[in-house]
Amino acid sequence: MTVKPSLTIKRRLSGPPSLVYQAWTDPEMLMHWFGPNNCTVFHAEADVRVGGRFRVRMKATDGEIHDVSGDYLVVVPDERLEFTWAWITMPERESRVTVTLKADGDDTILTLLHEQFADEAARAGHEYGWTEAFGKLERTLETASA
């Protein structure tokens, strides 16, 4: 059996885990940071419970629409989210995301594990997208805690 590529990103973020968790679960906050720099979120929904779904729709500067959704598998408020991840254009390429939040003083250590990518190209594209999104998340958290 072939091992599918995965990606781990760790970030120290300003603010407590409760605020970072809110940024992942509140559609209004998601709209401020989700996606790479060339995308603007125009629709976000999150039914944050085991079996609930999320959906985020973004428009890139070139006009292309990106639409991702999934099911929540594990929900531990302020600590952990696990969910499936699939683009509407490629639902057969479902992957899995685990977000873990740990308090570190006044900050939060966020660890994102995105696994079960179809190939290395998908992994690389998501690494780029998550890295840019986390830059926007940092700015969103600074604004929210000011």
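The paragraphs below set out a description of the structure included in this document. Just so we're clear, the structure is a prediction, and the values are computed from it rather than from any experiment.

**Digging into the pattern of salt bridges**
Tallying each qualifying case throughout the model produces 12 salt bridges. For the salt bridge of Arg12 with Asp104, the shortest nitrogen-to-oxygen distance reads 2.5 Å. Here Arg12, found in strand S1 (residues 7–14), pairs with Asp104, found in strand S6 (residues 95–104); they are 92 residues apart in sequence, far enough to count as distant. Relative accessible area serves as the criterion here: at 47%, Arg12 is assigned to the partly exposed category. Residue Asp104 is classed as partly exposed on the basis of its relative accessible area, which comes to 32%. The partner of Glu82 in a salt bridge is Arg96, and the shortest N-O contact between them spans 2.5 Å. In this pair, Glu82 is assigned in strand S5 (residues 80–87) and Arg96 in strand S6, connecting sequence segments 14 residues apart.

**Here's the deal with the nonpolar core**
Among soluble globular proteins, nonpolar side chains are generally buried collectively. Core analysis: the largest hydrophobic core is formed by 36 residues, its most contacted members being Trp24, Trp33, Phe34, Leu110 and Trp130. Ranked by residue count, the leading element in this core is helix H3 (residues 120–145), at six residues. Excluding anything up to four places from it in sequence, Trp24 contacts Leu30, Trp33, Phe34, Tyr72, Leu81, Phe83, Val99, Leu110, Leu112, Trp130, Phe134 and Leu137.

**Some words on helix H1 (residues 17–25)**
Counted residue by residue, H1 has seven buried out of nine residues, so it is predominantly covered. Along H1, the residues classified as buried are Pro17, Leu19, Val20, Tyr21, Ala23, Trp24 and Thr25.

**Thoughts on the sheet that holds strand S3 (residues 53–60)**
Across the sheet, which stays open at both edges, the seven strands sit in the order S1-S7-S6-S5-S4-S3-S2 with antiparallel pairing between neighbours. Of all the strands in the sheet, just S1 and strand S2 (39–46) have a single pairing partner and so form its edges. Going across the sheet, the axis of each strand differs from the next one's by a mean of 20 degrees, ignoring polarity. The sheet contact formed by strand S4 (residues 65–76) and S5 spans six bridges and is antiparallel.

Definitions and limits used
- Each chain has its residues counted from 1, following the order in which its sequence is written.
- Local features in this predicted model are restricted to residues of pLDDT 70 or higher, and side-chain atom pairs are both shown and tallied only at a pLDDT of 80 or more, whereas totals for entire chains, interfaces and linings draw on every residue.
- Excluding hydrogens and water, the side-chain figures rest on all heavy atoms present in the structure.
- In the sections that follow, a salt bridge refers to a side-chain nitrogen of Lys or Arg positioned within 4 Å of a carboxyl oxygen of Asp or Glu.
- Here a helix means four or more residues in a row that DSSP labels H or I, a strand means two or more in a row labelled E, and each is numbered from the N terminus.
- Categorising residues by exposure relies on relative accessible area from a 1.4 Å probe, with only protein chains included: less than 20% of the type maximum marks a residue as buried, more than 50% marks it as exposed, and the intermediate range marks it as partly exposed.
- What is meant by a nonpolar core is a set of buried Ala, Val, Leu, Ile, Met, Phe, Trp, Tyr and Cys residues, joined one to another through side-chain atoms within 4.5 Å.
- Contacts are assigned to residue pairs that have any heavy atoms within 4.5 Å of one another.
- Think of it this way: DSSP has to see at least two bridges between two strands before they count as a pair.
- Axis geometry follows a simple rule: fit a line to the C-alpha atoms, using only the stretch in contact for helices, then measure angles between N-to-C directions, giving values from 0 to 180 degrees.

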